[in-house]
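Residue-level listing of the chains:
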Amino acid sequence: MCDFITVAVHEDDLGQLHSTLPERFRLHTQDHPQLSPMLPAGFVQRYVTEQDADCSCGLHGVDHESVTRAQNELAHFQTRKQKAGWSEAKIERAAASLRCSLEKAEHDDWVGIDPDIAVWLRAVGPLVRGLYLLIHSYNGGVDTERLKLTRARLSFTKLCDRSFVTPEDVLLELS
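Residues numbered from 1 in each chain as written. Predicted model: local features only at pLDDT ≥ 70, side-chain atom pairs only at ≥ 80, totals over all residues. Heavy atoms only, no water.

Novice: Any chance you could break down the overall build of the protein chain for me, citing the residues and the numbers?
Specialist: Across its full length, the protein chain carries five helices and eight strands. When its helices and strands are written in sequence order, the protein chain yields β-α-β-β-β-α-α-β-α-β-β-α-β. Residues counted as buried form 45% of the 175 residues belonging to the protein chain. Sequence-distant contacts, at least 24 apart, represent 71% of the contacts inside the protein chain between residues at least 6 apart. Carbon and sulfur atoms make up 50% of the accessible area of the protein chain, which amounts to about 9500 Å² in all. (Helix = DSSP H or I, 4+ residues; strand = E, 2+ residues; numbered from the N terminus. Buried < 20%, exposed > 50% of the residue type's maximum accessible area, 1.4 Å probe, protein only. Contact = heavy atoms within 4.5 Å. Areas by Shrake-Rupley, 256 points an atom, 1.4 Å probe, with all protein chains shown as cover.)

What follows is the structure in structure tokens.
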């Protein structure tokens, strides 16, 4: 399961999106068939990652209650695999990505999206003719997973609040 942060802008505004993107991030083309009809005509989707990543997991912080839940899930995962007869080395390899995400979340001083992403979106907002944001934890393919989305509006001020937990599976129109 991986988190992806998707932004959508009008296709004529892609230059603004790319030119304002901080160097530590990169944009990837995305065309989710369920998301496209929810966007205005001419809008395109891009998902944001760090330069060396293929997903947005490192850019999406979690609240402390979720960290505790993740710690319990990791312990349960390890116990289950031990009972199933997995070797310690195999369990360690399988749990490594879970542990990495958990360690990052325990040390973040923010929840929701990475503050640098929020600041970037606030900066690009006035330069484009509309800006949408979606966070989703994918179990399958980014372009093929079935989504159950709702819509809402969100101010840039709220988005930039480090204590605001950015909702998942809500197509946010930023203003």
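Novice: How would you summarise the environment of Thr29 if you had to cite specific residues and measurements?
Specialist: Mapped onto the fold, Thr29 is located in strand S2 (residues 25-30). What makes Thr29 exposed here is its relative accessible area of 61%. Separated by 18 residues in sequence, Thr29 and Tyr47 place their C-alpha atoms 6.7 Å apart. With residues near it in sequence (within four places) discarded, Thr29 still touches Gln45, Arg46 and Tyr47.

Novice: Let's hear about the sheet that holds strand S7 (residues 150-154): which residues, and what values?
Specialist: Backbone-to-backbone hydrogen bonds join strands into a sheet, with any given pair of strands oriented parallel or antiparallel. Spatial ordering of the open sheet is given by S2-S3-S1-S6-S8-S7, a layout of six strands whose pairing is mixed. Among the strands making up the open sheet, the edge pair consists of S2 and S7. Across the sheet, the mean angle separating the axes of adjacent strands is 30 degrees when strand polarity is ignored. Sheet analysis places S2 next to strand S3 (residues 43-50), joined by six bridges and oriented antiparallel. Considered in S3, the bridge of Thr29 is made with Arg46. Across the face of the sheet, helix H4 (residues 115-124) comes into contact with strand S1 (2-10), S2, S3, strand S6 (132-138) and strand S8 (170-174) while running at roughly 70 degrees to S2. (Pairing = 2+ DSSP bridges. Axes fitted to C-alpha atoms, helices over the stretch in contact; angles between N-to-C directions.)

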